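# Understanding the architecture of this molecule
Each chain, letter by letter, is given below.
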Amino acid sequence: MADTIKVAEYLFTRVKQLGADAIHGVPGDFNLNLLDYVEPLGLLWVGNANELNAGYAADGYSRIRGIGAIVTTFGVGELSAINAIAGAYAERAPVVHIVGTPDRATQDGQVRVHHTFNDGNFRRFGQMHAHVTVAQTSLRDPLTASQEIDRVLQQCLIHSRPVYIEVPVDMVEAPVRAASLKTPIGLPEPLETPAVSDAVGQVLEKIYAAKRTVILFDGECRALGISELVQSISEATKLPTWTTSYGRGLIDESIPNFQGVYRGSFDEQSVQEFFKQADLVLVFGPHFSTTNSYALTAKPISDISIVFSDNEIEIGGKVFHDIPARLGVSKLLAQLDSSKLARYSAIDLQSLPWQQTQLEALANVQKDDVISHSKLWDLFAAFVRPGDIVMGETGTSGYGVREMRTPPNVRVFAPVTWLSIGYMLPAAQGAAFAQRQMQQQANGAQNSVVKSGRTILFIGDGSLQMTVQEISTIIRHELDVIIVVLNNDGYTIERAIHGLKEGYNDVAAWRYLGAPNFFGAKEGTYTASARTWGELEAVLASKKLSDGKGLRMVELLLDREDVPRGPLTMLMGKEQKRMEGLKTKPATIP
């Protein structure tokens, strides 16, 4: 290795070392020189339709691959992406946002250039990003540039949140020392202090004393790097284990003691009763947003909970600080003696519905009946295969995928906290890219096309209109993505909340299955539509859909007011009653 290397080479080499083999983004005048170094360093330039889509795609990529990266230009480009970066921060997706900025002389001279507010202040956009990223830097000095890059990237790994790196045009080719590239960027080694042993000891005492313990696995286990450890605890103890929507697919859901998504007061009565009888709940990687916790009803009572989060263990409301989650959970696994645990009787477990026979779907419907959410998700569950990625956009799709029972090794993306509609389509592109690259590397054939798992996206017509351009990126890179459009003629989730019949919840009526052709798909790309159960049965039986390659697209036509069971059913019922009340209310003269 040469003694020196250019800043751009150093930066992209580090990103590649951390696991990102693709760079999302959009070219712009202040990042063009930077982009010259992407592909020569063995990285794939994806190229997106716009910066917002690129940010969503990098987020989806990072949740599969462990880190993602996006390059935008200064000002207009980075602000187009900032909504996606904020969502990645909220939901702990490790994304590196690299911004090409004007050269240092232009900035220091406060020159009135384009993409600014024409006031000579070049720090505004970086200041905005400081609120939605965990670490930031502007590379102004070649002597410290490599250290700054390493510092910021390590923070991205530690916190599993976005970071922000500005590269002025004249810094792209500035020389920096290359020696540090030989030392990988990793997580700091945790310290095993007496406080760690004391906390873990108290956790074990609580577990051994409990008569009815359950496990609740949440999605921040991914960010904390403890998913496999928690699965080992669940398998060793055989304790009933639930997940949240955010945790779907992060552990093997086929293990006998897995019980599905815990839905709090919206769950089956038998599950609610089972949880009420628990005297200890082990919570791993909590993320108790209202959406992820069913309006907080799935959040366990603090008094009977032991909670493992970033650097704390909370036992019955008492917090033990400075205990990294991976260290605490690994020590718990190593010291846990499952023979000391109280066991549930077979009778206790019989009341839990998840392991019972799956609801019969298509067998119990009339083929001429219109499709509805009541059985749709049971039906599609049989379509999912091991290795697939399943994604449900914010709306009815997001609530639907929560209900699906999936085979092992299936990742499920559902709405968690940010809920920016349109996110899932670009995220599906990013996730599909990450999946394919991982498959290629696993097969030792990075430069050849190999069979990879499918990415199956369920998205409403309203959400699709937000980010539909990203279909073109899926087509251009021949990604294996199945898009299922739930066309319910507008924003049904918003209708359920308020405005059941209002025009503001309507969207334009597009010919959705014309999108592949418009965006350049090859002739013969699979498309199909279904309004009845019989038509859907024929669609799902098609080998072109299930076993085809590249983009495939299906449109399902549903009723405006049809929603999956759970919170949306309750909301829709209330809104329907409200509308009925307005009909019967006598008119008044103002």
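Definitions and cut-offs
- Residues numbered from 1 in each chain as written.
- Predicted model: local features only at pLDDT ≥ 70, side-chain atom pairs only at ≥ 80, totals over all residues.
- Heavy atoms only, no water.
- Helix = DSSP H or I, 4+ residues; strand = E, 2+ residues; numbered from the N terminus.
- Rg over C-alpha atoms; globule rule 2.2 N^0.38 Å.
- Buried < 20%, exposed > 50% of the residue type's maximum accessible area, 1.4 Å probe, protein only.
- Contact = heavy atoms within 4.5 Å.
- Areas by Shrake-Rupley, 256 points an atom, 1.4 Å probe, with all protein chains shown as cover.
- Lys, Arg positive; Asp, Glu negative; His and termini not counted.
- Charge placed at Lys NZ, Arg CZ, Asp CG, Glu CD.
- Pairing = 2+ DSSP bridges.
- Axes fitted to C-alpha atoms, helices over the stretch in contact; angles between N-to-C directions.
- UniProt positions renumbered as here; feature names shortened; annotations may be inferred.

Glancing now at the overall build of the protein chain. Regarding its fold elements, the protein chain presents 23 helices and 21 strands. Taking 25 Å as the expected radius of gyration for a compact globule of 590 residues, we find that the protein chain reaches 25 Å, a close match to that expectation. C-alpha extents for the protein chain along the principal axes are approximately 70 × 65 × 65 Å. When each of the 590 residues of the protein chain is scored for burial, the buried share is 57%. Sequence separation of 24 or more characterises 76% of the internal contacts of the protein chain that already satisfy a separation of 6 or more. A total of about 24,600 Å² of accessible surface is found on the protein chain, and carbon and sulfur atoms cover 52% of it. Distance between charge centroids for the protein chain: 2 Å, based on 55 positive and 65 negative side chains.

Of all 5 residues making up strand β12 (residues 280-284), 5 are buried, and the element is well covered by its neighbours. Residues of β12 alternate between two faces, with Leu280, Leu282 and Phe284 on one and Val281 and Val283 on the opposite face, all of them buried. In the sheet, strand β9 (residues 213-217) pairs with β12 via 5 bridges, with the strands oriented parallel. Residue pairing in the sheet places Val214 in a bridge with Val281 of β12. Of the pairings in the sheet, the one linking β12 to strand β13 (residues 305-308) comprises 4 bridges and is parallel in character.

It is worth spelling out the sheet that holds strand β17 (residues 411-413) at this point. In spatial order, the strands read β17-β16-β18-β19-β21-β20; together these 6 strands make up an open sheet with parallel pairing. Strands at the two margins of the open sheet, each flanked by one partner only, are β17 and β20 (527-530). Each strand axis lies, on average, 15° off the axis of its neighbour in the sheet, ignoring direction. As paired elements, strand β16 (residues 389-392) and strand β18 (residues 455-460) share 4 bridges and run parallel to each other. Note on β18: the bridge partner recorded for Val390 is Ile456. On top of the sheet, helix α14 (residues 373-381) reaches β18, β19 (481-487) and β21 (552-557); it is set at about 175° to β19, its chief contact. The sheet strands contacting helix α16 (residues 424-442) are β16, β17, β18 and β19, and the helix crosses β16 at an angle near 170°.

In this structure's numbering, the residues bearing the UniProt feature "domain: Thiamine pyrophosphate enzyme N-terminal TPP-binding" (unreviewed entry) are residues 6-116. With 45% helix and 18% strand, residues 6-116 has its two end C-alpha atoms placed 27 Å apart.

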